[in-house]
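Chain residues, written in single-letter form:
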Amino acid sequence: MLHLQKIAQRETPRRLSQSAIRISQSRTRRGFATASEPYEVIVIGGGPGGYVAAIKAAQLGLKTACIEKRGALGGTCLNVGCIPSKAMLNNSHMYHQAQHDMQRRGIDVSGVSLNLSTMLKAKDDAVTGLTKGVEFLFKQNKVDYIKGSASFVSPTTISVALNDGGETQVETKNVIIATGSEVAPFPGGGIVIDEEQIVSSTGALSLQKVPEKMVVIGGGVIGLELGSVWSRLGADVTVVEFLGGIGGVGIDEEIAKQFQRNLTKQGLKFKLNTKVLSAEKENGKVVLKTEAAKGGKEETLDADVVLVSVGRRPYVTGLNIEAVGLEMDNKGRIVIDDQFNTSVKNVKCIGDVTFGPMLAHKAEEEGIAAAEYIKSGHGHVNYNAIPAVVYTHPEVAWVGKNEQELKAAGVQYSIGKFNFTANSRAKTNLDTDGFVKIITEKETDRIIGVHIMGPNAGEMISEGVLAMEYGASAEDVARTSHAHPTLSEAFKEAAMAAYSKAIHQ
């Protein structure tokens, strides 16, 4: 992404010329591609899955266009999700460190204060630079970028309501739907998001002042990340979670328990196994009513800001999918086969709007594979090797199976663990919370799960992903030289512990 920002600064982002998109005042309809010369691929949606699919299709020699209505490429991830949240996580961590962690390092700091407007501007600048970088990549790879809202007329004809006014139609041989997801409303509709006091993740990234008290509904990845941001900046944060643990789907229970202890030490409060009944604005506050998940005595919480973080849902609004008869499941996802084909010939679908984890990097892999299927009939995504990361501090990351899944399936397994307290780089950095946990198939020593809580876990997990992609054993990793002193040595030692014994623990 840094590369995208740099090239965006060097080159003016590509825009379709006015002559390419203007529709006359009489709203005469014209198309970018005609029935006699259609596009070979049109991608609907310019998020991580969509823009990557479009670029890959063009690189494969296919005449390609991408339709995106936001007016900026990158989707939720780049505009109001992954990227701005990481800017806030990084900068709030630096602020928190300056306040609480410098003295023991021999650095005396005084007069540290928060300039929230500047912090928010830094976040916005990062987003702008990266979105313009994606536009440059479209120009570089000769992808036509159509700014507008797409809807199906037929499987090969797409109507576009242009952002600049008017309409057009484009013809294509193949469509890739990559419209992503949107914030899921509170179940039952009992809590109305106004993006001021009752906010989604989008509103939580743009609060103009630090709330005195914040309640986060949902202890998954997004809730924990944004709860951490505002806790570091001074808010009293309480996380209310219906389930008995934090971290969301896929997290290892042992990791989750240690993770919660660490976040509690940082000041976050948790109410697990708790159901939120309602949230109403009263006298400048938000009053929430809760009860035990299994029923019980009703309790009341109050907050200045409530973050509703109960998941996301597929986004298909305005696509007119009924016109072409696309099959949907009962969760609102577009049904696909193992080659991303929908129920309609030559219409494929990738990313959050269909099956699987709602992760930007998963959508990117699907985008590349879908383009390859169109070009050659072959593509590949290994869904057993898709990592997940929580970008708190310490970070949490995992790939593959967790221990509770293997127990439930009756799989015989071995575990190797190594604590960062025994890692020389972590010790010198005074950052030793957490451990690496590697799970192997007992009979073969093949790595089937990797779980990390600790510094730079989001970077380190890639070694686990690569090991699983190539079917590596714990011994394979353990016998591979790792530079000293590095955090990654903890990964090597955990692998040693899985098949034999660690050296430094």
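Scroll up for the structure.
First, a word on what this report is: a plain description of the structure on this page.

The rules we used
Residues numbered from 1 in each chain as written. Predicted model: local features only at pLDDT ≥ 70, side-chain atom pairs only at ≥ 80, totals over all residues. Heavy atoms only, no water. Buried < 20%, exposed > 50% of the residue type's maximum accessible area, 1.4 Å probe, protein only. Helix = DSSP H or I, 4+ residues; strand = E, 2+ residues; numbered from the N terminus. Pairing = 2+ DSSP bridges. Right-handed = clockwise from strand over helix to strand, strands pointing away. Axes fitted to C-alpha atoms, helices over the stretch in contact; angles between N-to-C directions. Parallel < 35°, antiparallel > 145°, perpendicular 65-115°, else oblique. Left-handed = near helix turned anticlockwise from the far one by under 90°. Contact = heavy atoms within 4.5 Å. Nonpolar A, V, L, I, M, F, W, Y, C, P; charged D, E, K, R; others polar.

A word on the pairing of strand E1 (residues 41–44). Here E1 shows a buried face lined by Val41 and Val43 and a second buried face lined by Ile42 and Ile44. Summarising the sheet, E1 and strand E2 (residues 64–68) pair through four bridges and their orientation is parallel. Within E2, the position partnered with valine 43 by the bridge is cysteine 66. In this view, the connection linking E1 to its parallel neighbour E2 by way of helix H3 (residues 48–59) has right-handed handedness. Of the strand pairs in this sheet, E1 and strand E6 (residues 175–177) are connected by three bridges, and their pairing is parallel. Looking across to E6, one finds that isoleucine 42 is bridged to valine 175.

Below, the discussion takes up the sheet that holds strand E12 (residues 274–282). Pairing is antiparallel across the open sheet formed by three strands, whose spatial order is E12-E13-E14. Either end of the sheet is taken by a strand with one partner, and the two such strands are E12 and strand E14 (299–303). The mean angle between the axes of side-by-side strands here comes to 25°, regardless of whether they run parallel or antiparallel. Pairing between strand E13 (residues 285–292) and E14: five bridges, direction antiparallel. Pairing of threonine 290 across the sheet is with glutamate 299, part of E14.

What follows concerns the packing of H3 against helix H10 (residues 360–376). At a minimum axis separation of 7 Å, H3 and H10 run at an interaxial angle of 30°. In this view, H3 runs roughly parallel relative to H10, as classed from their interaxial angle. With respect to the hand of their crossing, H3 and H10 are arranged in right-handed fashion. Within the contact between the two elements, H3 uses Pro48, Gly49, Tyr51, Val52, Ala53, Lys56 and Ala57 and H10 uses Ala360, Ala363, Glu364, Gly367, Ile368, Ala371 and Glu372. Considered class by class, the residues forming the contact of H3 with H10 number nine nonpolar, two polar and three charged.

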